[in-house]
Amino acid sequence: MSAPQSSLQPHVDSARYAKCVEVSKRIRWDIDRDVIRGRSFDFANRFLPDGLSKVDRLDFLTANDQRLLSQIQGRTYANMFGLVERFIAAKVLEVSREHWLGDQNALEALVRFGDEEIKHQELFRRIERMCAEGMPEGYTFVPEPNAVASAVLAKSTWAVLALTCHIELFVLAHYRESIDGDKNVSELWKDVFLHHWREESQHAILDEMEWVRENAKLAPEARDAAVDDLIALVGAVDGILQAQSAADTHYFVEICGRPMAAVEIEAVKATVLAAYRWQYIVSGVQIPRFGQLLNGMITPQQGERIGAALAPIMA
Ligand SMILES: [Fe+2]
Ligand SMILES: [Fe+2]
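Small disclaimer: the values here were computed from a predicted structure and weren't measured. (Residues numbered from 1 in each chain as written. Chains lettered and ligands numbered in written order. Predicted model: local features only at pLDDT ≥ 70, side-chain atom pairs only at ≥ 80, totals over all residues. Heavy atoms only, no water.)

Moving on: the packing of aromatic side chains. Aromatic rings considered in pairs are described by the distance between their centres and by the relative angle of their planes. Scanning the model with the defined rule gives 18 aromatic pairs in all. When the ring of Y77 is compared with that of Y280, the centres are 6.1 Å apart and the planes differ by 40 degrees; the resulting orientation is tilted. Remark: Y280 occurs in helix α10 (residues 262–285) and Y77 occurs in helix α4 (residues 63–96); sequence separation between them is 203 residues. With a relative accessible area of 6%, Y280 lands in the buried category. A ring pair is formed by W211 and F290, whose centres lie 5.8 Å apart and whose planes are at 20 degrees; its orientation type is stacked. Taken together, the residues span a long stretch of sequence, with W211 in helix α8 (residues 187–217) and F290 in helix α11 (residues 288–295) at a distance of 79 residues. Owing to a relative accessible area of 0%, W211 belongs among the buried residues under this scheme. (Phe/Tyr/Trp six-rings, centres within 6.5 Å; stacked < 30°, edge-to-face > 60°. Helix = DSSP H or I, 4+ residues; strand = E, 2+ residues; numbered from the N terminus. Buried < 20%, exposed > 50% of the residue type's maximum accessible area, 1.4 Å probe, protein only.)

If you want it as structure tokens, here you go:
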């Protein structure tokens, strides 16, 4: 039962929050019992599918080299979610405050959302340890979750919710379009992202509701500043992608077991950066639902500013 709302509060779609709670309870999974199930990774298979890793573009690499590069990218993919979930969980718990004495379905949905993101971070720390057991030493995940979260959370809530909505929509698209149907991907790796996708499906709905609610509260000047914040956040994500793609290329060259020509190393580095930009920025920007939501909130001029900032990344 939801509490009566004062006329000063924006409309809260209690039934939609309640539906997210219901599904969240029904599909709730446990890391060991449902996902890992005593298994370890089979390094004979790829991790990140070609549709995301783009390793099939590097035709001078052997099949073994391509598989290794997909495993390195798959390890980074898990670490990247562990990274962003640090600020997502914190922001969601912060936003839940607005429902403390309001709609109790909304409060429960957001508390469950936060709890699930804390569990996902634990899952991705497990995946990192399991990858480390089966791969040579020397891998580095460059960004530090708390430092990144502190910088992100210093930006306006509108911008953080926009970035979060974008991330959680591309999580769903990646699983549906690239991970689910790829027969060359490790069964355990696929299972991790199947379970992640199931809980993320509710998160994407909640992101949208909270982002729209936040948007309704903003005066035009505040929204204009928030657009600048979003542009800064996308620039910061791209900085992380540049550093991590360089680190992952270096690790690949060190462990691939054969000398590589400078021109080959450059091609690997450029392809890994293009793959990371596709995974973490471009694939999400191109999701129609994200574009509809964003364009429904901003002016054409603000849209042009965002487009100009994205242009070098999309190219
Ligand atoms: Fe998650
Ligand atoms: Fe999520």
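Looking at where K119 falls in the secondary structure, it is placed in helix α5 (residues 104–134). As a C-alpha pair, K119 and D30 span 89 residues in sequence and 8.7 Å in three-dimensional space. Looking at K119, its side chain comes within polar contact range of the main-chain oxygen of W29, at 2.6 Å. (Polar contact = N/O pair within 3.5 Å; in protein donor to acceptor, adjacent residues only side chain to side chain.)

A few words on α11. All of the buried residues in α11 are F290, G291, L293 and L294. What you see down the axis of α11 is that its buried residues fit within an arc of 165 degrees, all on one side. Facing away from the buried surface of α11 by more than 90 degrees, the exposed residues are P288 and N295. Structurally, α11 contributes buried residues whose contacts are with α7 (157–179), α8, α9 (220–255), α10 and α12 (300–314). (Arc of directions from axis to C-beta. Contact = heavy atoms within 4.5 Å.)

Turning our attention to the coordination of the iron ion (ligand 2). Each pair of donors in an ideal octahedron of six around a metal sits at 90 or 180 degrees, and each pair in an ideal tetrahedron of four sits at 109.5 degrees. Those donors, E117 (OE), E168 (OE), E200 (OE), E200 (OE) and H203 (ND1), are the protein atoms that reach the iron ion (ligand 2), and they lie 1.8 to 2.3 Å from it. Here the donor residues of the iron ion (ligand 2) share one chain and are spaced in sequence as E-x50-E-x31-E-x2-H. Separating the iron ion (ligand 2) from the iron ion (ligand 1) is a gap of 3.4 Å, which E117 spans by donating to each of them. Highlighted residues: E200 and H203, both in helix α8, separated by three residues, approximately one helical turn. Each of the two residues, E200 as well as H203, counts as buried. (Donors = N, O, S within 2.8 Å, 3.2 Å for Na, K, Ca; no water.)

To continue, consider a nonpolar patch on the surface. Judged by side-chain polarity, L93, V111 and I118 come together as a nonpolar surface patch covering roughly 240 Å² of accessible area. Among the secondary structure elements, I118 is positioned in helix α5. On the basis of relative accessibility, which here comes to 47%, the residue I118 falls in the partly exposed class. (Patch = residues over 30% accessible without salt bridge, like charges linked within 9 Å, V, L, I, M, F, W, Y side chains within 5 Å. Areas by Shrake-Rupley, 256 points an atom, 1.4 Å probe, with all protein chains shown as cover. Salt bridge = Lys/Arg side-chain N within 4 Å of Asp/Glu carboxyl O.)

Another aspect to go through is the side chain of K54. Along the chain, K54 turns up in the loop between α3 (50–53) and α4. In this structure, K54 is buried with no salt-bridge partner, the nearest side chain bearing the opposite charge being D56 at 6.8 Å. Sequence-distant contacts of K54, defined by excluding residues within four places in its chain, comprise T271, A275 and W278. (Lys, Arg positive; Asp, Glu negative; His and termini not counted.)

Turning our attention to the packing of α4 against α9. Where α4 meets α9, the closest approach of the two axes is 10 Å, and the angle between their N-to-C directions is 145 degrees. Both α4 and α9 take part in a crossing whose hand is right-handed. In this structure, α4 uses D65, L68, L69, I72, R75, T76, M80 and L83 to contact α9, whose residues at the interface are I240, L241, Q244, D248, Y251, F252 and I255. Here the contact of α4 with α9 is composed, by residue class, of 10 nonpolar, two polar and three charged. (Axes fitted to C-alpha atoms, helices over the stretch in contact; angles between N-to-C directions. Left-handed = near helix turned anticlockwise from the far one by under 90°. Nonpolar A, V, L, I, M, F, W, Y, C, P; charged D, E, K, R; others polar.)

Our focus in this paragraph is the nonpolar core. Counting 99 residues, the largest nonpolar core has I127, W158, F193 and W211 as its most contacted members. Among the elements that line this core, the one with the most residues is α7, at 15 residues. Once residues within four sequence positions are removed from consideration, W158 is found in contact with W211, E214, N215, L218, R223, A226, V227, L230, L294, M297 and I298. (Core = buried A, V, L, I, M, F, W, Y, C linked by side-chain atoms within 4.5 Å.)

It is worth spelling out the coordination of the iron ion (ligand 1) at this point. Looking at the metal site, the iron ion (ligand 1) is ligated by E85 (OE), E117 (OE), H120 (ND1), H196 (NE2) and E200 (OE), spaced 2.0 to 2.4 Å from it. Donor residues for the iron ion (ligand 1), ordered by position in the chain, follow E-x31-E-x2-H-x75-H-x3-E.

Another aspect to go through is α9. In an α-helix, one turn spans 3.6 residues, which is why side chains three or four residues apart end up on the same side. With 36 residues, α9 should reach 52 Å at 1.5 Å per residue; the first-to-last C-alpha distance of 52 Å fits that figure. Among the residues trailing α9, G257 stands out with phi positive, at a value near 85 degrees. (Expected span 1.5 Å × (residues − 1).)

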